[in-house]
2 protein chains.
Amino acid sequence: MASHRFNAQFTDNVINAMGPNTSPRIRQVMASLIRHVHDFARENEITVDEWMEGVKLLNWAGQMSDEKRNEGQLVCDVLGLESLVDEITFTLADEAKDAPTATAILGPFFRADTPYRQNGADIAVTKPKEGGEMVFMHGSVIDFKTKQPLAGADVEVWQASTNGLYEQQDPDQAEHNLRGKFKTDDEGRYYFYCLRPTPYPIPNDGPSGKLLTLMDRHPFRPAHIHILATKEGYRPLTTQIFDRQDKYLDNDSVFAVKESLIVDFVPRKEDPNASLELQYDVKLVADSA
Amino acid sequence: MASHRFNAQFTDNVINAMGPNTSPRIRQVMASLIRHVHDFARENEITVDEWMEGVKLLNWAGQMSDEKRNEGQLVCDVLGLESLVDEITFTLADEAKDAPTATAILGPFFRADTPYRQNGADIAVTKPKEGGEMVFMHGSVIDFKTKQPLAGADVEVWQASTNGLYEQQDPDQAEHNLRGKFKTDDEGRYYFYCLRPTPYPIPNDGPSGKLLTLMDRHPFRPAHIHILATKEGYRPLTTQIFDRQDKYLDNDSVFAVKESLIVDFVPRKEDPNASLELQYDVKLVADSA
């Protein structure tokens, strides 16, 4: 490890400064973090000027962040970190129980204050100025183990409009446009109208956009719908479903695509409100399972 | 490397997303950063909740930062990163030339707009309410190679007051108190009055303070005076000098102490303005050396 020409004791000194009242988890995580950060700096011989560029970029991320935007999260996303910790969290859950629906990242555009809507509602309150195919999305929430439908579960969805913007990024969209929370009926069903999702670029006016430019990467995410499903007594499920037709499936700018999350939009007949249909069942794992 | 049970291709996929127009240095640094960040997450099986705590902490650092405070820098400092990149930068310079004065971190309390003062001035414009021994500090700026004194060099100094606060942190101190920029005279000399430095805690109301608490570490820095010396045609020198009497010399909260930067304050006689004296020569390396 110490095959470098810098002070060989330095990293151990920093780690050993931790006091006796450090919790075991913090001690493990911080020691590992310090070791990796120091190894990174030494292996690349990071100079003071380069490090200061990194500090400015991190401070900039915080300064751009507020209730409606989490730029620190987006910086992690373009480095693949959110998708990786999602995989880690899912793997740990998977080893503890049987495999539920694959998970995906929450992303920075989730809002905790999304309102309930009635089943059958249209979440496209503000219609797109250009494009926009309407979809009837429906399915059931099911107990993963018993296969029984779950009444009274919450299915929360959110998606960007065809201009690539979520409502909180776009003054022309109504508050809570293209998002809603649905309670499953007595037969465990949820259903609503939404847009067929379209690919969009993540915002490129901040440090994550700067990193993408530096790395000569495009900012696009493949078309997707976010889902957060919850029910008391069950583990919450955060996921995204992706359109099989999308050209960015293989190179998502935040690396969130998994094969099991790819879905097919099919033609829908005799519905004046939608030309496409998507059936998607959500499986929840009981806390006690 | 891939002795883990997560997607073995994931990290390479993220690294390989970099496009052909990435500069060689960015490609090297970002690939290494991505690999270390991912290894850190996998080795510690960082969960989504733990990662989100980290994101909040980083955003918080940016939100606290402004022209007078650089909290992102301070977070790096408590992890030893600024001192490490300083050592790396110094080592690279050292290998290219002979060894100049050892360097130390700039720290987050430097101000780019520090005013010039006349040699002989007293930088303690606002006298401390408690304590405070006056020091006559003097020395020469010298060409490292020729040993000749350098006239017209700038020696900039800054220090905290006895309450542990730099002037920009303390509304009770005059603007630019305890900082000043001095031009060396025809014989290369600089001289001024200042306080004997005292140990102080780094600010603990932000994420760096939270990290210190989590790691059960004290926030104190050993007593020191910051120096930045510049002259056209010479490489700038950033350093700190430490009081040999200080009890925190062995456990600086930002790990900046080096043996060669430890100095002795000695009694000064027959000067009504100072009871102590510090002689310190600064050696600069010519750009062309």
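Residues numbered from 1 in each chain as written. Chains lettered and ligands numbered in written order. Predicted model: local features only at pLDDT ≥ 70, side-chain atom pairs only at ≥ 80, totals over all residues. Heavy atoms only, no water.

## What to know about the interface of chain B and chain A
Interface size is commonly expressed as the accessible area that is lost once the parts come together.
For step 1, the next point in the chain: In this complex, chain B contributes 69 residues to the contact, which on the side of chain A involves 69 residues.
For step 2, the next point in the chain: Between chain B and chain A lies a buried interface of about 6100 Å² when both sides are counted; carbon and sulfur atoms form 66% of it.
For step 3, the next point in the chain: Across the chain B-chain A interface, the total number found is 2 salt bridges.
For step 4, the next point in the chain: Ionic pairing is found between Arg25 of chain B and Glu50 of chain A, a salt bridge with its closest N-O pair at 2.7 Å.
For step 5, the next point in the chain: Mapped by element, the contributors of at least two residues to the side of chain B that touches chain A are α1 (10–16), α2 (24–43), α3 (48–64), α4 (71–78), α5 (81–96) and α6 (207–214) of chain B.
For step 6, the next point in the chain: Looking at the side of chain B that touches chain A residue by residue, the class counts come to 32 nonpolar, 22 polar and 15 charged. (Contact = heavy atoms within 4.5 Å. Buried area = accessible area lost by both parts, 1.4 Å probe. Salt bridge = Lys/Arg side-chain N within 4 Å of Asp/Glu carboxyl O. Helix = DSSP H or I, 4+ residues; strand = E, 2+ residues; numbered from the N terminus. Nonpolar A, V, L, I, M, F, W, Y, C, P; charged D, E, K, R; others polar.)

## Some details on the domain arrangement of chain A
For step 1, the next point in the chain: Looking at chain A, the domain boundaries give domain 1 (1–44) and domain 2 (78–284).
For step 2, the next point in the chain: Each of domain 1 of chain A and domain 2 of chain A was reduced to a C-alpha centroid, and the two centroids are 39 Å apart. (Domains from an automatic or database assignment.)

## Here we look at the relation of the copies chain B and chain A
For step 1, the next point in the chain: Structural alignment of chain B on chain A gives an RMSD of 0.0 Å, achieved by rotating through 180° and translating 0.0 Å along the axis. Both copies are brought into coincidence by an operation consistent with a two-fold rotation axis. Among all residues of chain B, the one whose C-alpha sits closest to the rotation axis is Gly62 of chain B, at a distance of 2.0 Å.
For step 2, the next point in the chain: In this assembly the copies share their binding face: 100% of the residues contributing to the interface of chain B also contribute to that of chain A. (Least-squares fit on C-alpha atoms with pLDDT ≥ 70 in both.)

## A short note on helix α4 (residues 71–78) of chain A
Residues and elements named next belong to chain A.
For step 1, the next point in the chain: With 8 of 8 residues buried, α4 lies mostly within the body of the structure.
For step 2, the next point in the chain: The N-cap residue of α4 is Asn70: its side-chain oxygen and the backbone nitrogen of Gly72 are 3.4 Å apart.
For step 3, the next point in the chain: Phi turns positive one or two residues past the end of α4, at Gly80, with a value near 80°. (Buried < 20%, exposed > 50% of the residue type's maximum accessible area, 1.4 Å probe, protein only. Polar contact = N/O pair within 3.5 Å; in protein donor to acceptor, adjacent residues only side chain to side chain.)

## Brief notes about the environment of Lys127 of chain A
Residues and elements named next belong to chain A.
For step 1, the next point in the chain: With respect to the helices and strands, the residue Lys127 is situated in the loop between α5 (81–96) and β1 (134–143).
For step 2, the next point in the chain: Sequence separation between Lys127 and Gly188 is 61 residues, and the spatial gap between their C-alpha atoms is 29 Å.
For step 3, the next point in the chain: Among all residues touching Lys127, those that are not within four sequence positions of it are Asp122 and Met134.
For step 4, the next point in the chain: A polar contact of 2.5 Å, which involves the side chain of Lys127, links it to the side chain of Asp122.
For step 5, the next point in the chain: Of note is the side chain of Lys127, whose polar atom sits 3.2 Å from the backbone oxygen of Ala124.

## Some details on the UniProt feature "domain: Catechol dioxygenase N-terminal" (unreviewed entry) in chain A
For step 1, the next point in the chain: UniProt marks residues 24–89 of chain A with the feature "domain: Catechol dioxygenase N-terminal" (unreviewed entry), using the numbering shown here.
For step 2, the next point in the chain: What you have in residues 24–89 of chain A is 82% helix and 0% strand, and the ends, taken at the C-alpha atoms, are 20 Å apart. (UniProt positions renumbered as here; feature names shortened; annotations may be inferred.)

## Notes on α2 of chain B
All names here are of chain B.
For step 1, the next point in the chain: An ideal rise of 1.5 Å per residue puts 28 Å on 20 residues; α2 measures up with 28 Å between its terminal C-alpha atoms.
For step 2, the next point in the chain: Those residues of α2 lying buried are Val29, Met30, Ala31, Ser32, Ile34, His36, His38, Asp39, Phe40, Ala41 and Arg42.
For step 3, the next point in the chain: Two residues or fewer after α2 comes Glu45, characterised by a positive phi angle close to 45°. (Expected span 1.5 Å × (residues − 1).)

## A word on the side chain of Arg196 of chain A
For step 1, the next point in the chain: In this fold, Arg196 of chain A is placed in the loop between β4 (189–195) and β5 (200–201).
For step 2, the next point in the chain: Among residues more than four places away in sequence, those in contact with Arg196 of chain A are Glu133, Val135, Asp243, Gln245, Phe265 and Leu276 of chain A.

## Things to note about the nonpolar core
For step 1, the next point in the chain: Core analysis: the largest hydrophobic core is formed by 71 residues, its most contacted members being Met137 and Tyr280 of chain B.
For step 2, the next point in the chain: Leu79, Tyr193, Ala229 and Phe255 of chain A belong to the second-largest nonpolar core, a separate cluster that totals 70 residues. (Core = buried A, V, L, I, M, F, W, Y, C linked by side-chain atoms within 4.5 Å.)

## Things to note about the sheet that holds strand β8 (residues 237–243) of chain A
All names here are of chain A.
For step 1, the next point in the chain: With mixed pairing, 5 strands are arranged side by side in an open sheet as β3-β2-β7-β8-β9. One side of each edge strand has no neighbouring strand; the edge strands of this open sheet are β3 (179–183) and β9 (262–263).
For step 2, the next point in the chain: Of the pairings in the sheet, the one linking strand β2 (residues 154–158) to β3 comprises 5 bridges and is antiparallel in character. Within the sheet, the bridge partner assigned to Asp154 lies in β3 and is Lys183. (Pairing = 2+ DSSP bridges.)

## Let's talk about the packing of helix α3 (residues 48–64) of chain A against α3 of chain B
Helix-helix packing is described using two parameters, namely the angle between the two axes and the distance between the axes.
For step 1, the next point in the chain: Axis separation between α3 of chain A and α3 of chain B bottoms out at 6 Å; the angle between their running directions is 90°. Relative to α3 of chain B, the element α3 of chain A lies roughly perpendicular. Between α3 of chain A and α3 of chain B, the contacting residues are Asn59, Ala61, Gly62 and Gln63 of chain A on the first element and Asn59, Ala61, Gly62 and Gln63 of chain B on the second. (Axes fitted to C-alpha atoms, helices over the stretch in contact; angles between N-to-C directions. Parallel < 35°, antiparallel > 145°, perpendicular 65-115°, else oblique.)

## Digging into the pattern of salt bridges
For step 1, the next point in the chain: Applying the stated rule across the entire model yields 48 salt bridges over all chains.
For step 2, the next point in the chain: One salt bridge connects Asp264 of chain B with Arg244 of chain B, and the closest N-O pair in it is separated by 2.9 Å. One end of the pair, Asp264 of chain B, is in the loop between β9 (262–263) and β10 (266–267); the other, Arg244 of chain B, is in the loop between β8 (237–243) and β9, with 20 residues separating them in the sequence.
For step 3, the next point in the chain: If you follow the salt bridges from partner to partner, you end up with Arg111, Asp113, Glu167, Glu175 and Arg179 of chain A in one network.

## Focus: the pairing of β1 of chain A
Put simply, side chains in a regular strand alternate between the two faces of the sheet.
Residues and elements named next belong to chain A.
For step 1, the next point in the chain: Within β1, 10 of the 10 residues are buried, which leaves the element mostly enclosed by the surrounding structure.
For step 2, the next point in the chain: Covered by surrounding structure in β1 are Met134, Phe136, His138, Ser140 and Ile142 together with Val135, Met137, Gly139, Val141 and Asp143, the residues of both alternating faces.
For step 3, the next point in the chain: Taken together, the 7 bridges between β1 and β4 define a ladder with antiparallel strand orientation. When the sheet's bridge partners are listed, Met137 is paired in β4 with Phe192.
For step 4, the next point in the chain: The sheet contact formed by β1 and strand β11 (residues 276–279) spans 4 bridges and is parallel.

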